[in-house]
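The lines below spell out each chain.
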Amino acid sequence: MRVPSRARRRVTALVTASMLGCGATIGLTATPAAAATTAPTDLKTSNQPCATAAPGPYLSPEMLNDARAVVLRGTFDGDGLGADPQADFQVWDVANPEQPQQWLTGIAEQSNEVYIQLEDRARQLDGVTYAWRVRVLDGTDASPWSATCYYTVDRSGGPAPTVASAEYPTGSWDNPSGGIGKLGSFTLSPTSPDTVSYRYRFHVSEPTGDPVETTVEAEGLGGPATVEFTPQAAGNHALRVWALDRAGNFSEPAHYEFYVKETRPSIFSAAYPDWSTNLNYNVGVPGAFELRASVPGTTSFAWRIDEDGPSGSVPAAADGTATVMIAPVRAGRQTLYVRSVTGDGANHASRAYEFLVDNAPRVTGDTDRSVTIGSSLSYHLAPRTPNVEAYLYWVSYSGLEERPIEKVTVPARPDGTADLTWTATETSVNGLRIQSRSADGSLSEPRWTSVSVDGASPTVNRTGGDDLGTTASFTARTRMANVVDYVVLLNRDEATEQVLTPAADGSVTFSYTPTRAGYNYVTVVARNAAGVRTEEGGTYWTVLDSPKVTSTDFPTRDGGQLAPGSFDFAPRLPNTVAYEYTFNFGPYTNLAARPDGTATLDWTPTQTGRYTLSVRSIAAGGARSATTNYSFLVVDGAAKVSSAAPTTAYRTH
């Protein structure tokens, strides 16, 4: 029987032969097979062409495939093969050729390929160079041996390489070297003669993205490599390096830490801070920027705003400080770049200082407030740009759904001021943005004011309505002002909707008579004259239709006597005409009700112990109520015991 799939061949035998050149090896004395008159060719070792001389390719089995095994393969002329041909692979340590390994495996039907995965780790040892060859067995016949191929198993990447740099030696925060923008060379040296390349990445103190790994080739097998790096920030940096060998194994990582000198000046401005805005400053208003050099010998500072903004220079005092007055020429977020210039004319790295020139209107009044839905917030708007003729505002919403911006225009008075009244109509609002518009159509930066809207969902209190067919009364009230009506529903059934006018105190009272047992609820929404609705409020409760069960002879709290007694049933289910009952969950027995729906059950216990009487009502139409479980104890004598009150079990169908 042939192996069904060459991708899943099973090794059928693994035997160590005594010698390569003697007949003791399995099949060596077989005559060449007529069906395989030539030796296998097109030999490959893990998809690499046959290496006919040692050491061959260096292979790391763990990195080759899911089987973590070296794969040997070749092709042959399979015409006329018998029913169960096999591939006979011989593999041996070139230092010990007298003890070859035999790997015998089936050949897939209609296949002309020999294939084996060497999955026995104990026979594929790290650092060993192996030779291999293969032939085809067909019964007692065998093809000639193929050519011999070589490979070397290399499972380990070895210890970490070393790193050295003259410009950036290892240091600490108080012993930095180099400087921002200064090129440094890093020499990577192997600890293994097998190294062919290095994989490395730099970690910087002010990252602008994820670290990028790069590969550099070694200067010959087992040689070093040099990489260059120009720091763009000061402080702690690190270089992480792996050496790669001929098999692709990674060494242990080397971690090289160094510190870069700060050469950028520091910048501070109370007029144009980098963390907020100062409304006393605006476009065209000069503000002071305080500069302090970190490079000895600084004689001046060169500065510019963005690429096309104002620029200039300012002399440095003897202590390396200076103050420059800068008047921004436009509004919005922008960046000031400042660099130190030393006495030798050298320009050092620039510090980038981002700030906002705020020309948004001044907004006072109900800023950053909460408001109840249906009520309003008032704002006074004052211009901070010339010739303001109007203001535009728009609402910002919370939530994941992006909503279109709808700007509303508020005309300005001749002096450029305006008043804005905004009414809260929904709870998803989280703020307003307000900007001014000048006569030439130019728009200011927007001003943000946060808003929190209270949905004022009505609170609802209930009395009664616990039993089916009885009336539940409700009182609702809301925090929304000037309510004109309440809309109430029972169980969200539109047929039960009531629209009610509130009392003088803003509350409303209403009632419902539930027509179903179990879970019931009412929902309440209040509205004002403008049609603004509150968030939905409400309450829920459980309506019972199970019968009431009482007994003076067999009370739930004190034990009953081992003697005749009775139980009284009273209905909650309207139009009750009968009851079904059972003791201790046995078969149900029917008991007719009186015209008023009540019934009395006479019963004599036959023994002492705990009992559960389960009772349910039956209406005239055949509807059944939930079940009341009445538990009690029958004792022989007048012993006093405590027991739970009757419980209700609801139908699940």
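Definitions and cut-offs
Residues numbered from 1 in each chain as written. Predicted model: local features only at pLDDT ≥ 70, side-chain atom pairs only at ≥ 80, totals over all residues. Heavy atoms only, no water. Helix = DSSP H or I, 4+ residues; strand = E, 2+ residues; numbered from the N terminus. Rg over C-alpha atoms; globule rule 2.2 N^0.38 Å. Contact = heavy atoms within 4.5 Å. Areas by Shrake-Rupley, 256 points an atom, 1.4 Å probe, with all protein chains shown as cover. Lys, Arg positive; Asp, Glu negative; His and termini not counted. Charge placed at Lys NZ, Arg CZ, Asp CG, Glu CD. Pairing = 2+ DSSP bridges. Core = buried A, V, L, I, M, F, W, Y, C linked by side-chain atoms within 4.5 Å. Buried < 20%, exposed > 50% of the residue type's maximum accessible area, 1.4 Å probe, protein only. Phe/Tyr/Trp six-rings, centres within 6.5 Å; stacked < 30°, edge-to-face > 60°. Lys NZ or Arg CZ within 6 Å of the ring centre and 35° of its normal. Axes fitted to C-alpha atoms, helices over the stretch in contact; angles between N-to-C directions. pLDDT = per-residue confidence, 0-100. Disulfide = S-S within 2.5 Å. Salt bridge = Lys/Arg side-chain N within 4 Å of Asp/Glu carboxyl O. 1 Å grid on protein atoms, 1.4 Å probe; cavity = no way out; pocket = protein on both sides within 12 Å on 5 of 7 lines; lining within 4 Å. Points joined across faces, edges and corners; volume = space filled by probe spheres on them. Nonpolar A, V, L, I, M, F, W, Y, C, P; charged D, E, K, R; others polar.

Asks: Break down the overall build of the protein for me, citing the residues and quoting the values.
Replies: For the protein, the count of helices and strands is zero helices and 50 strands. Relative to its length of 653 residues, the protein is extended, with a C-alpha radius of gyration of 46 Å against a globular reference of 26 Å. The C-alpha extent of the protein, read off along each of the three principal axes, is 110 × 95 × 55 Å. Contacts in the protein between residues at least 24 apart in sequence constitute 65% of all its contacts with a sequence separation of at least 6. As displayed, the protein offers around 32300 Å² of accessible surface, 49% of which is attributable to carbon and sulfur atoms. Side-chain charges in the protein split into 51 positive and 68 negative, and the spacing between the mean points of these groups amounts to 4 Å.

Asks: So what about the pairing of strand E6 (residues 70–75)? Which residues, and what values?
Replies: Across three bridges, strand E3 (residues 41–45) lies against E6 in antiparallel orientation. The residue of E6 that forms the bridge with Lys44 is Arg73. Two elements, E6 and strand E9 (residues 113–118), share six bridges in a ladder whose sense is antiparallel. Across the sheet, residue Arg73 finds its bridge partner in E9, namely Tyr115.

Asks: Lay out the nonpolar core with the relevant residues and their values.
Replies: Tyr379, Leu381, Trp422, Val451, Val453, Phe474 and Phe510 are the most contacted members of the largest nonpolar core, which has 44 residues in total. Beyond its immediate chain neighbours, meaning those up to four positions away, Phe474 contacts Val460, Asn461, Arg462, Val508, Thr509, Phe510, Ser511, Tyr512, Val522, Thr539 and Trp541.

Asks: Can you lay out the packing of aromatic side chains for me, pointing to particular residues and giving the numbers?
Replies: What the rule picks out here adds up to 38 aromatic pairs. Measuring from ring centre to ring centre gives 6.2 Å for Tyr581 and Phe583, while their planes differ by 80°; the resulting arrangement is edge-to-face. Grouping residues by exposure puts Tyr581 and Phe583 together as buried. One aromatic cluster is present, formed by Phe554, Phe567, Tyr581, Phe583, Trp603, Tyr611, Tyr630 and Phe632 through successive ring pairs. A cation sits over an aromatic face here: Arg133 above Trp145, 4.1 Å from the ring centre. For Arg403, the ring lying beneath its charged end belongs to Tyr397, and the centroid distance is 3.6 Å.

Asks: Just give me the short version of the sheet that holds strand E39 (residues 508–512), but keep the residues and values in it.
Replies: Within the open sheet, the three strands sit side by side as E35-E36-E39. Their pairing is antiparallel. Single-partner strands in this sheet number two, and they are strand E35 (459–464) and E39. Each adjacent strand pair in this sheet contributes to an overall mean axis angle of 25°, direction not counted.

Asks: With reference to specific residues and values, describe the environment of Ile434.
Replies: By secondary structure assignment, the location of Ile434 is in strand E33 (residues 429–438). On the basis of relative accessible area, Ile434 is assigned to the buried category, the value being 1%. Ile434 sits 261 residues away from Trp173 along the chain, and the two C-alpha atoms are 47 Å apart. Not counting the four nearest positions on each side in its chain, Ile434 is found in contact with Pro361, Val363, Leu381, Leu392, Tyr393, Leu420, Glu445, Pro446 and Arg447.

Asks: Please give an account of the confidence of the model for the protein that cites residues and values.
Replies: For the protein, per-residue confidence averages 91 on the pLDDT scale, and 92% of positions sit at 70 or higher. Ignoring residues within four places in sequence, the model shows residues 1–35, a span with pLDDT below 50, making 98 contacts including any to other chains. Scored below 50 in pLDDT, residues 638–644 shows 17 contacts in the model against residues more than four places distant or in partner chains.

Asks: I'd love a proper account of the sheet that holds strand E13 (residues 162–164), names of residues and values included.
Replies: Taken in spatial order, the three strands of this open sheet run E13-E14-E17, and their pairing is antiparallel. Each end of this open sheet is capped by a strand with a single partner; those strands are E13 and strand E17 (225–229). Here the average twist between neighbouring strands, direction ignored, is 25°.

Asks: Mind laying out the state of the cysteines, listing which residues take part and the relevant values?
Replies: Tallied over the full model, the rule gives one disulfide. One disulfide in the model links Cys50 with Cys149; its S-S distance is 2.0 Å. Because the torsion about its S-S bond is -110°, the bridge between Cys50 and Cys149 counts as left-handed. One end of the pair, Cys50, is in the loop between strand E4 (48–49) and strand E5 (58–59); the other, Cys149, is in strand E12 (residues 149–153), and 99 residues separate them in sequence.

Asks: Mind laying out the side chain of Ser146, listing which residues take part and the relevant values?
Replies: When you line up the elements, Ser146 lands in the loop between strand E11 (141–142) and E12. The class for Ser146 is buried, based on a relative accessible area of 8%. Excluding residues that lie within four positions of it along the chain, Ser146 makes contacts with Ala39, Pro40, Leu43, Arg133 and Val134.

Asks: I'd like to hear about the pattern of salt bridges, residue by residue, with values.
Replies: It is possible for side chains of opposite charge to pair when their charged atoms get near one another. With the rule as written, the count across this model stands at 30 salt bridges. For Glu354, the salt bridge goes to Arg333, with nearest N and O atoms at 3.9 Å. Of the two residues, Glu354 is situated in strand E26 (residues 347–357) and Arg333 in strand E25 (residues 332–342); the sequence distance between them amounts to 21 residues. Residue class for Arg333 comes out partly exposed when judged on its relative accessible area of 47%.

Asks: Lay out empty space enclosed by the protein in plain terms, naming residues and giving numbers.
Replies: One pass over the full model with this rule turns up one cavity of 30 Å³ or more. Taken as a whole, the largest cavity encloses approximately 30 Å³ of empty space. Counted by class, the lining of the largest cavity contains five nonpolar, three polar and one charged residues.

Asks: I'd like a rundown of the side chain of Ser177, residues and numbers included.
Replies: Residue placement: Ser177 occurs in the loop between E13 and strand E14 (184–189). Here Ser177 falls in the buried class, since its relative accessible area comes to 11%. Once residues lying within four places of it in the same chain are set aside, the contact partners of Ser177 are Glu167, Tyr168, Pro169, Tyr259, Val260 and Lys261.

Asks: Give me the environment of Leu183: which residues, what numbers.
Replies: Within the element layout of this structure, Leu183 appears in the loop between E13 and E14. A relative accessible area of 46% places Leu183 in the partly exposed class. For the pair formed by Leu183 and Phe229, sequence separation is 46 residues and the distance between their alpha carbons is 5.8 Å. Setting aside its immediate chain neighbours within four residues, Leu183 contacts Glu167, Tyr168, Glu228, Phe229 and Thr230.

Asks: Report on unusual backbone geometry, specifying residues and quantitative values.
Replies: Cis geometry is found at the peptide bond from Ala54 to Pro55, where omega equals 10°. Within the secondary structure, Pro55 is located in the loop between E4 and E5. The phi dihedral of Asn47 is positive, around 70°, even though this residue is not glycine. Its location among the elements puts Asn47 in the loop between E3 and E4. Residue Asn47 is classed as exposed on the basis of its relative accessible area, which comes to 56%.

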